[in-house]
Amino acid sequence: MKIETVDFKIRGDERGALVAINQLTDVPFEIRRVYYMWNTLPDVERGFHAHQALEQVLICVSGSCTVTLDDGRERRDVLLDRPDRGLYIGPGYWREMRGFSGGAVLMVLASQTYNPADYIRDYGEFLASVGATKEE
Ligand code: TYD
């Protein structure tokens, strides 16, 4: 499985650090939605879905969390612990988020507005959608 991360340019100076993210140049899609999660309790697990068409970039802009990616054949954990690194997730990936540190803020840039019909929330349905089976 290929893990696609994007390192954003840090425009730092003596006042501190700044990252600017432009659609199509810094992330490979037009950004139609931004949302973020915070105050996530340490033992909480989120996500547990895939998308049919949505593209996203996840950035832990404060603190850290672990994203588990599953393409139906393999599962990989990705630690997000820096505000200048994004994790690109396209269609065909089941994702789970856990291990939120105190003060973690997970920001998501998304290619589409919120559409519940784009979600695949059943793991068996996800496996079927990527042509995998549980026995594989
Ligand atoms: P949910 O999909 O459960 O989050 P996660 O998959 O990360 O665990 O979303 C939580 C709630 O927020 C749910 O009621 C749907 C709503 N929501 C929106 O209204 N718009 C959005 O863009 C997102 C991501 C969620």
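Note that the coordinates shown come from a computational prediction; the quantities given were computed from them, not determined experimentally.

Peer 1: Is there a simple way to think about the packing of aromatic side chains in this case?
Peer 2: Remark: the centre distance and the inter-plane angle together describe each pair of aromatic rings, the angle taken between the planes. Enumeration over the complete set of coordinates arrives at six aromatic pairs. Between Tyr 36 and Trp 38, the ring centres sit 5.7 Å apart and the planes meet at 40°, which makes this aromatic pair tilted. Judged by its relative accessible area of 52%, Trp 38 is exposed.

Peer 1: Can you walk me through the sheet that holds strand E10 (residues 119-120) in this structure?
Peer 2: Note on sheets: strands pair through backbone hydrogen bonds, and any given pair is parallel or antiparallel. Read across the sheet, five strands follow the order E6-E5-E8-E3-E10 without closing on themselves; strand pairing throughout is antiparallel. Only two strands of the sheet have a single partner each, and these edge strands are strand E6 (75-80) and E10. The sheet contact formed by strand E5 (residues 65-70) and E6 spans six bridges and is antiparallel. Looking at E6, one finds that Thr 66 is bridged to Leu 79.

Calculation rules
- Residues numbered from 1 in each chain as written.
- Predicted model: local features only at pLDDT ≥ 70, side-chain atom pairs only at ≥ 80, totals over all residues.
- Heavy atoms only, no water.
- Phe/Tyr/Trp six-rings, centres within 6.5 Å; stacked < 30°, edge-to-face > 60°.
- Buried < 20%, exposed > 50% of the residue type's maximum accessible area, 1.4 Å probe, protein only.
- Pairing = 2+ DSSP bridges.
- Helix = DSSP H or I, 4+ residues; strand = E, 2+ residues; numbered from the N terminus.

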